[in-house]
Amino acid sequence: MEKFVIHGGNKLHGNINISGAKNAALPIIAASVFAGDVCRIENVPDISDVRMMIRILEFLGAEVAKPEPNVILVDVKNVTPVTIPDKMTSKLRASYYLLGALLSNFGKACVALPGGCYFGVRPIDQHIKAFEALGATVDVENAIVDVKADELYGSSIYLDVVSVGATINAMLAAVKAKGLTVIENAAREPHIVDLANFLNSMGADVRGAGTEVIKIRGVEEMHGCTYSIIPDQIEAGTYMVAAAAVGGDVTIDNVIPKHLESITNKIEDCGVTVIEYDESVRIISEGGKMKACRVKTSPHPGFPTDMQPQFAAMLCLCNGTSTVVEDVWDNRFKYIDQLRRMGANIIVNGDTALITGVDKLRAAPVEADDLRAGAAMVIAGLMADGETTVGNIKLIDRGYENLVEKLIGVGAEIARVNFEEE
Ligand code: EPZ
């Protein structure tokens, strides 16, 4: 099986180019079923989650061509709402976006419950609430979600919890519903705005994305379009934190600085210099010892939960004791056991991790527990002197395009190595 082998301790210098946003690409590809003909989607990250979503579209009858790197042409003329089985949905949380898209476009959808990273319970009650508010019936039997409606009617949907997925599924279900839909307490992430812009490029009428109230007036017909996906906020944040933690002078290119504000703010709180340009951010850092800080995750525009493990890894060498509060997911500290194997001094109490800085992290064999936890282990390996191996890297490949090449490009010693099955 493949592992990353990292020889840490090098400071990083140079430029890293950011790919398209995973969490925008996934709903956008699902939403291409509305086109009726062909969509050209650009700046698509070449990562395994995207390849899996494309396979699901092809399973439904779409034809997907890749005329050039990071560009796909999705022809949905022959798409039909056949049942999507567990073997396809179990690998990908975002598979459930097909519920909203197929329900909206065909009046029915049958999708096995999704998989994805395990952070404790990941309910879909708010998705179901949205579908039912629009007039659909929802049955969940044998882990298959079966939604149907003769007609969908615009309605008011108040989300009891700020949910990216439920906001997205409500948007997808509403774009062709008769009349006005108002989604309140909506998620405000950049990928919500990107999806709204994509839907509007296909002729939808979605307003207010990026605020907590999204208004959608249903349309009868939609059409193909050409669309370019925004840069990945979390990929960019991951490399920002890596540069801050290890030290050096790294410019992260092809970003939207506004999407990174909460991450930039916390890195500056730790005493690291961040310089913003129009489409890039530059990190200048001594690495290692940095000011201890307090960080609490929350929906956008707060500090992203998907940056929590990476930031905790950086704080392992801080001066004093830092506090990390995970306020989005019930159980997103599993990776801390792996950091402890490298000498980190962390106490977890419920939703709070107390990180007392140590002088050094020890290189060690560690595993990726999930996508962002895996990224945190790469950062810890870059921080530690000696050889760290990171296993289970298929989980990292879900969301980071060309991670090894991008890090080697700024002076890291990292390689993808095939180890005989142990
Ligand atoms: C999306 O997951 C992302 N995944 C996650 O990123 C991210 O951690 C999360 O949003 C929060 O930003 C994708 O976009 C594919 P939620 P999602 O619904 O939509 C509760 C990554 O690393 N909730 O916003 O599943 C839920 O339990 C991945 O790229 C309900 O209670 O997250 C959680 O506590 C990991 N009922 C909170 O809302 C529901 O019906 C936020 O979850 C839905 C959610």
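Located above this text is the structure these notes cover.
The following paragraphs examine the structure supplied in this document.

Parameters and conventions
- Residues numbered from 1 in each chain as written.
- Predicted model: local features only at pLDDT ≥ 70, side-chain atom pairs only at ≥ 80, totals over all residues.
- Heavy atoms only, no water.
- Pairing = 2+ DSSP bridges.
- Helix = DSSP H or I, 4+ residues; strand = E, 2+ residues; numbered from the N terminus.
- Near = heavy atom within 4 Å.
- Polar contact = N/O pair within 3.5 Å; in protein donor to acceptor, adjacent residues only side chain to side chain.
- Areas by Shrake-Rupley, 256 points an atom, 1.4 Å probe, with all protein chains shown as cover.
- Nonpolar A, V, L, I, M, F, W, Y, C, P; charged D, E, K, R; others polar.
- Contact = heavy atoms within 4.5 Å.
- Core = buried A, V, L, I, M, F, W, Y, C linked by side-chain atoms within 4.5 Å.
- Buried < 20%, exposed > 50% of the residue type's maximum accessible area, 1.4 Å probe, protein only.
- Salt bridge = Lys/Arg side-chain N within 4 Å of Asp/Glu carboxyl O.

### Observations concerning the pairing of strand β20 (residues 352-356)
Thought 1: Alignment of strand β18 (residues 321-325) against β20, held across five bridges, turns out to be antiparallel. Bridge pairing in β20 places V325 opposite T352.
Thought 2: Where strand β19 (residues 345-349) lies against β20, five bridges are found, and the strand directions are antiparallel. Directly across from I346, in β20, lies its bridge partner I355.

### Comments concerning the site of the ligand
Thought 1: D125, S163, V164, D306 and V328 are the nearest of the 25 residues found near the ligand.
Thought 2: One of the side-chain N or O atoms of W329 is found 3.1 Å from an oxygen atom in the ligand.
Thought 3: Contact with the protein chains hides 91% of the accessible area of the ligand, taken as 820 Å² for the molecule alone.
Thought 4: Sorting the residues of the shell around the ligand by element identifies α1 (22-31), α5 (125-133), α6 (164-174) and α12 (371-383) as the ones contributing at least two each.
Thought 5: In terms of residue count, α5 provides more of the shell around the ligand than any other element does, three residues in total.
Thought 6: Tallied by class, the residues present in the shell around the ligand amount to 12 nonpolar, six polar and seven charged.

### So, the environment of A209
Thought 1: Within the element layout of this structure, A209 appears in the loop between β11 (206-207) and β12 (213-217).
Thought 2: Linking A209 and A94, residues 115 residues apart in sequence, is a C-alpha distance of 19 Å.
Thought 3: Beyond its immediate stretch of four places on either side in the chain, A209 contacts I192, V193, A196 and I214.

### Some points on the nonpolar core
Thought 1: I41, M171 and L199 are the most contacted members of the largest nonpolar core, which totals 82 residues.
Thought 2: Beyond its immediate chain neighbours, meaning those up to four positions away, M171 contacts I183, I192, L195, A196, L199, V206, I214 and I216.
Thought 3: Ranked by size, the runner-up nonpolar core spans 77 residues in total, among them A344, I379, L382 and Y400.

### A look at the environment of E220
Thought 1: As for its position among the elements, E220 is in the loop between β12 and β13 (226-228).
Thought 2: Taking the C-alpha atoms as reference, E220 lies 5.9 Å from K176; in sequence the two are 44 residues apart.

### Quick look at the sheet that holds strand β9 (residues 156-158)
Thought 1: With mixed pairing, four strands are arranged side by side in an open sheet as β9-β10-β12-β11. The two strands at the open ends of the sheet, each matched to only one other strand, are β9 and β11.
Thought 2: Pairing geometry for β11 and β12, over two bridges, is antiparallel. Paired with V206 across the two strands is I216, which belongs to β12.

### A word on the pattern of salt bridges
Thought 1: Counted by the stated rule, this structure contains 19 salt bridges.
Thought 2: As a salt-bridge pair, K22 and D49 come within 3.8 Å of each other at their nearest N and O atoms. Here D49 lies in helix α2 (residues 48-59) and K22 lies in helix α1, a separation of 27 residues in the sequence.
Thought 3: With relative accessibility at 3%, the residue D49 sits in the buried group.
Thought 4: Between R51 and D46 there is a salt bridge, with its nearest N and O atoms 2.7 Å apart.
Thought 5: R51 sits in the partly exposed class, given a relative accessible area of 34%.
Thought 6: You can call D46 partly exposed: its relative accessible area is 45%.
Thought 7: One connected set of salt bridges, linked through shared partners, spans E2, D397 and R416.

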